[in-house]
Amino acid sequence: MSGADLCIIIPVYNRAATVGRAIASLKYAGPNPVEVVVVDDGSSDDSAQAARAALALNPDLRGRVITQTNAGPGAARNTGAAATDARYLAFLDSDDYWLPGALDALVEAIRTAEAPALIFLKTVDAADGDTLATGSEPMTARSHSGFLEAVERDPGTRYGSCNVAVRADVFAGLGGYATDIRCSEDTDLFLRAAAAGPCMVLGGRPLVVHHVGRGDSLTSNFPSVLEGFERMLRAEGEGRYPCLPGDSDAKARFLGKCTAHTIREAFVAGRPAKGYRLLLRHTGLLVRAQSWHWLMRLPIFPLLSLIRPQSYPMRWAAGRD
């Protein structure tokens, strides 16, 4: 066991070309150890070897690689969490990377007396070859009562597994990530943690680069998106998403955004019939969330895709609905 303040867990699946960059971005020379656990989730390429080579070049980190049969990103993150006794668990996707100062800022945040349950780092999206304009704004740390307040008051922040740190006792108490879905497992975790304690957002300037591919949304796996969304609705119906007093409306608005996103992805994937069925079935959720913007635009998404294809991309030749 490490006794570290922080363990950074990197799940990897067939990312031999990028996992080394992710590891190399973790620059830290503080007095206390930072641990890195890479979990190779049954890759068929040389991801595990690439991770070991990158760790050998970063002596400031205490790193190791674990291999397992392919079980999905949630299960891989859980494997990493079970392999450490660090106080906080941070998660970094193997095709993303941290910018200078990110690790120092996170270590400083987890040493505050507040001991937040969740910490999110500001991200910037970039594709291979993009020139990053990350800025030089001073670092900020904004504290919120919980996850739902953070979403409401810091709406420009990404809330995902690529840029989050979770207090280890909170993660264990929640049972970690769901392993029966491969999409929205992070949102499910954050909703289950909504009443677990304070949430901090580190920003001011980007700290994490989230890698996106050209036309990435058009090639997203809509069946997985839909599966994750429907599981979230079942969990909410079963009362598995408790929230802090006064956060019920914020939770409704958040679930409304998830609903709009799922319907939008149906159109993006070229599944308009499915999109309209979802819209009819979940109009009540959008009304409760006061998602008037999407209530007006989703019904005419195919038309908008012809007028403004950059904002409303839609694949017109897709498989059967």
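Please read these numbers as outputs of a predicted model, since none were measured by experiment.

### Thoughts on the overall build of the chain
Phase 1: Of regular secondary structure, the chain possesses 13 helices and 11 strands.
Phase 2: Taking 321 residues into account, the globule formula puts the C-alpha radius of gyration at 20 Å, and the chain, at 20 Å, falls close to it.
Phase 3: Taken over 321 residues, the chain has a buried fraction of 52%.
Phase 4: Long-range pairs, those at least 24 residues apart, make up 81% of the contacts in the chain with a sequence separation of at least 6.
Phase 5: For the chain, the computed accessible surface area is about 14200 Å², with 52% contributed by carbon and sulfur atoms.
Phase 6: Within the chain, one finds 34 positive and 35 negative side-chain charges whose respective centroids are separated by 5 Å.

### Overview of the sheet that holds strand S5 (residues 97–98)
Phase 1: Pairing is mixed in the open sheet, where three strands are placed in the order S5-S11-S7. The sheet terminates laterally at S5 and strand S7 (123–126), the two strands that pair on one side only.
Phase 2: Taken together, the four bridges between S7 and strand S11 (residues 208–211) define a ladder with parallel strand orientation. The residue of S11 that forms the bridge with threonine 123 is valine 208.

### Some thoughts on the sheet that holds strand S4 (residues 88–91)
Phase 1: Spatially, eight strands are ordered S3-S2-S1-S4-S9-S6-S10-S8 in an open sheet, and the strand pairing comes out mixed. Looking at strand neighbours, the two that pair on one side only are strand S3 (62–68) and strand S8 (140–144), the edges of this open sheet. Here the average twist between neighbouring strands, direction ignored, is 20 degrees.
Phase 2: Where S4 and strand S9 (residues 164–167) come together, four bridges link them in antiparallel fashion. Looking across to S9, one finds that phenylalanine 91 is bridged to valine 164.

### As for the packing of helix H8 (residues 222–237) against helix H10 (residues 272–281)
The angle between the axes and the distance between the axes are what describe a pair of packed helices.
Phase 1: Put simply, H8 and H10 touch, their axes get as near as 13 Å, and they point 10 degrees apart. In terms of orientation, H8 lies roughly parallel with respect to H10. Residue-level inspection shows Phe222, Leu226 and Glu230 of H8 in contact with H10, the latter providing Lys274, Leu278 and Arg281.
Phase 2: Classifying every residue of the contact of H8 with H10 by side-chain character gives three nonpolar, no polar and three charged.

### Describing the confidence of the model for the chain
Phase 1: Of all residues in the chain, 94% have pLDDT values of 70 or greater, and the mean over the chain is 91.
Phase 2: Residue range residues 214–219 is modelled with pLDDT below 50. Its contacts to residues more than four positions away, or to other chains, number 11 contacts.

### A few points about a nonpolar patch on the surface
Phase 1: Among the surface-exposed residues, Ile300, Leu303, Leu306, Ile307 and Trp316 lie close enough to one another that they form a single nonpolar patch of about 560 Å² accessible area.
Phase 2: With respect to the helices and strands, leucine 303 occurs in helix H13 (residues 301–307).

### Section: the pattern of salt bridges
Phase 1: Per the counting criterion, the structure on display carries 18 salt bridges.
Phase 2: A salt bridge links arginine 15 to aspartate 95; the shortest N-O distance between them is 3.7 Å. Taken together, the residues span a long stretch of sequence, with arginine 15 in the loop between strand S1 (6–12) and helix H1 (19–24) and aspartate 95 in the loop between S4 and S5 at a distance of 80 residues.
Phase 3: What makes aspartate 95 buried here is its relative accessible area of 14%.
Phase 4: Two residues, arginine 264 and glutamate 265, come together in a salt bridge whose shortest N-O distance is 3.5 Å.
Phase 5: Take arginine 264: its relative accessible area is 17%, and that puts it in the buried class.
Phase 6: The structure contains a network of salt bridges with shared partners spanning Asp180, Asp188, Arg192 and Arg231.

### Here we look at unusual backbone geometry
Phase 1: Residue asparagine 14 is not a glycine yet carries a positive backbone phi of 55 degrees.
Phase 2: Positive phi outside glycine occurs at glutamine 290, with the angle close to 55 degrees.
Phase 3: Tracing the chain through its elements places glutamine 290 in the loop between helix H11 (283–288) and helix H12 (292–297).
Phase 4: Overall, the relative accessible area of 53% leaves glutamine 290 in the exposed class.

### Quick look at helix H2 (residues 47–56)
Phase 1: Along H2, the residues classified as buried are Ser47, Ala48, Ala51, Ala54 and Leu55. Buried residues along H2 cover an arc of 125 degrees about the axis, so they all sit on one side.

### Points about helix H7 (residues 185–192)
Phase 1: Most of H7 is tucked away, with eight of its eight residues classed as buried.
Phase 2: Every buried residue of H7 is accounted for by Glu185, Asp186, Thr187, Asp188, Leu189, Phe190, Leu191 and Arg192.

### Side note on the packing of aromatic side chains
Phase 1: Scanning all chains against the criterion turns up 12 aromatic pairs.
Phase 2: Where phenylalanine 120 meets phenylalanine 147, the ring centres are 6.1 Å apart and the plane angle is 40 degrees; that geometry is what we call tilted. In this pair, phenylalanine 120 is assigned in strand S6 (residues 118–121) and phenylalanine 147 in helix H5 (residues 147–153), connecting sequence segments 27 residues apart. Across this residue pair, the class does not change: phenylalanine 120 and phenylalanine 147 are buried.

Calculation notes
- Residues numbered from 1 in each chain as written.
- Predicted model: local features only at pLDDT ≥ 70, side-chain atom pairs only at ≥ 80, totals over all residues.
- Heavy atoms only, no water.
- Helix = DSSP H or I, 4+ residues; strand = E, 2+ residues; numbered from the N terminus.
- Rg over C-alpha atoms; globule rule 2.2 N^0.38 Å.
- Buried < 20%, exposed > 50% of the residue type's maximum accessible area, 1.4 Å probe, protein only.
- Contact = heavy atoms within 4.5 Å.
- Areas by Shrake-Rupley, 256 points an atom, 1.4 Å probe, with all protein chains shown as cover.
- Lys, Arg positive; Asp, Glu negative; His and termini not counted.
- Charge placed at Lys NZ, Arg CZ, Asp CG, Glu CD.
- Pairing = 2+ DSSP bridges.
- Axes fitted to C-alpha atoms, helices over the stretch in contact; angles between N-to-C directions.
- Parallel < 35°, antiparallel > 145°, perpendicular 65-115°, else oblique.
- Nonpolar A, V, L, I, M, F, W, Y, C, P; charged D, E, K, R; others polar.
- pLDDT = per-residue confidence, 0-100.
- Patch = residues over 30% accessible without salt bridge, like charges linked within 9 Å, V, L, I, M, F, W, Y side chains within 5 Å.
- Salt bridge = Lys/Arg side-chain N within 4 Å of Asp/Glu carboxyl O.
- Arc of directions from axis to C-beta.
- Phe/Tyr/Trp six-rings, centres within 6.5 Å; stacked < 30°, edge-to-face > 60°.

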